Amino acid sequence: MVAVTVSAPAKLFILGEHAVVYDGQAIVTAVDARLSVTIRAEQADRPQLSIDALDVGLQNWQRDITTVAQQGQFEGESRFIESCVARFHQFHPLDHSLYIRTQSHFARDLGLGSSSATVAATLFALAQLFAPNLSLADIFDMGLDAIRAVQKLGSGADLAAALYGGTLYYINREPRHVYPLEIDELPMVAVYSGQKAGTVSYVQQVRVLRDTYPQVIDPIIQSMLEIVDSGRQAIQGQNWQALGTLMNVQHGLLHALGVDTAALSEVIFLARQAQALGAKLSGAGGGDCAIVLHASGMEKRLRAALHKIGRDILPYGLHADGVRID
Ligand code: MEV
């Protein structure tokens, strides 16, 4: 019997969500809210996959690994783990039964990327046990395959954040590139809007809008990608004023794509009234979180404003470590 426990961070988009899907680029940061995966492996003639993921209601879930590996489609709460095991089995045929236990240290309905953290942690743990020479880039490629086998889409930006950690400029074009941004701090906080959103349906909705009105939507996406590049320079130069302005414009463009909500906008306008340098939705939209770039000394004012609508700053730091053995 061999065993390992690893953890991967959650993520937030700083700039470039949706635009990154169209062969674009984005800036993402790892969030210090972690998801742990423990894998115990035991040699077996007929290897089984067992999963306990109590925070999504899975207890003693079991299936033959050969059955999992032959599946074309993955459904239910076990889908991302099954997809990882199937993908890993293609690379390294498994002759061990796997007992996988996951534990999320953040609420999964915050929209902080529990799927990408699950995929990053599961594949990293499998690599530790069976293929310790795999690089993060190899694990990233497998992880992106595993995510796409489940949801048929995904830029990989959130997976990059979960694997590499820190704050990244990520390019979603072959060959994919991940550039860590060398910064000491990122003066931002996240605020949950109170609504849970489904990424896939919002990505599809934007795609339909773009297919229907390419002459209108393509220039918006192009502007969003320009903002990502300018934002990268602003972050590297610690020019927070400029970054805030760019975040505000990006939020306006996301609103134009139809993924903003009244609850997100309420948080964002309150933050701006409390003199935030910038505020925008983060991720697919339709709910989940907003991110706020704060000026020094404004946190108390921001908290007071948020309390009036029953919201608060999430207690997680940004620019966190990537996947690691715990
Ligand atoms: C979702 O967290 C971010 C999107 O850009 C989708 C993706 O990057 O795969 C909307």
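Predicted model, so just to flag it, every value in this text is computed and none were measured.

A. Representation of the site of the ligand in the model. Lys11, Phe13, Glu17, His18, Val20, Val21, Gly154, Ser155, Thr199, Val203, Gly283 and Ala284 make up every residue found near the ligand. Here an oxygen atom of the ligand sits 2.8 Å away from a polar atom, N or O, in the main chain of His18. A distance of 2.6 Å separates an oxygen atom of the ligand from a polar atom in the side chain of Ser155. Within the complex, 96% of the 300 Å² of free accessible area of the ligand lies under protein. Mapped by element, the contributors of at least two residues to the shell around the ligand are strand E1 (2-15) and helix H6 (199-212). The residue makeup of the shell around the ligand, split by class, is five nonpolar, five polar and two charged.

B. Quick look at the pairing of strand E2 (residues 25-43). Across the 19 residues of E2, 15 count as buried, placing the element largely inside the fold. Direction of pairing for E1 relative to E2: antiparallel, over a ladder of 13 bridges. Within E2, the residue paired with Phe13 across the bridge is Val28. Looking at chain direction, E2 and strand E6 (residues 167-171) are connected through five bridges and run antiparallel. Counted as the bridge partner of Gln25 is Ile171 from E6. Judged from the nine bridges that link them, E2 and strand E5 (residues 96-104) form a sheet pairing that is antiparallel. Opposite Glu42, over in E5, you have Ser97 as the bridge partner.

C. Inspection of the sheet that holds strand E9 (residues 278-282) at higher detail. Strand order across the open sheet formed by three strands is E8-E10-E9, with antiparallel pairing between neighbours. Edge positions in the sheet fall to strand E8 (188-192) and E9, since each of these pairs with one other strand and no more. Neighbour to neighbour, the strand axes of the sheet diverge by 25 degrees on average, direction disregarded. One ladder, built from five bridges, connects E8 with strand E10 (residues 289-293); its direction is antiparallel. Residue pairing for E10: Met188 is matched across the bridge by Leu293. Contacting E8, E9 and E10, helix H8 (residues 240-256) crosses the sheet at an angle of about 45 degrees to E9.

D. Expanded view of the environment of Arg148. Position of Arg148 among the secondary structure elements: in helix H4 (residues 136-151). Sequence separation between Arg148 and Phe80 is 68 residues; the distance between their C-alpha atoms is 9.8 Å. Arg148 has contacts with Leu153, Gly154, Ser155, Asn172 and Arg176, leaving out every residue within four places of it along the chain. Within polar-contact distance, the side chain of Arg148 engages the backbone oxygen of Gly154 at 2.7 Å.

E. Representation of unusual backbone geometry within the structure. Residue Pro175 is reached from Glu174 by a cis peptide bond, and omega for that bond is -15 degrees. Its place among the elements puts Pro175 in the loop between E6 and strand E7 (177-180). Of note in this structure, Asp288 is not a glycine but carries a positive phi near 65 degrees. As for its position among the elements, Asp288 is in the loop between E9 and E10. Residue Asp288 is classed as buried on the basis of its relative accessible area of 4%.

What counts and how
- Residues numbered from 1 in each chain as written.
- Predicted model: local features only at pLDDT ≥ 70, side-chain atom pairs only at ≥ 80, totals over all residues.
- Heavy atoms only, no water.
- Near = heavy atom within 4 Å.
- Polar contact = N/O pair within 3.5 Å; in protein donor to acceptor, adjacent residues only side chain to side chain.
- Areas by Shrake-Rupley, 256 points an atom, 1.4 Å probe, with all protein chains shown as cover.
- Helix = DSSP H or I, 4+ residues; strand = E, 2+ residues; numbered from the N terminus.
- Nonpolar A, V, L, I, M, F, W, Y, C, P; charged D, E, K, R; others polar.
- Buried < 20%, exposed > 50% of the residue type's maximum accessible area, 1.4 Å probe, protein only.
- Pairing = 2+ DSSP bridges.
- Axes fitted to C-alpha atoms, helices over the stretch in contact; angles between N-to-C directions.
- Contact = heavy atoms within 4.5 Å.

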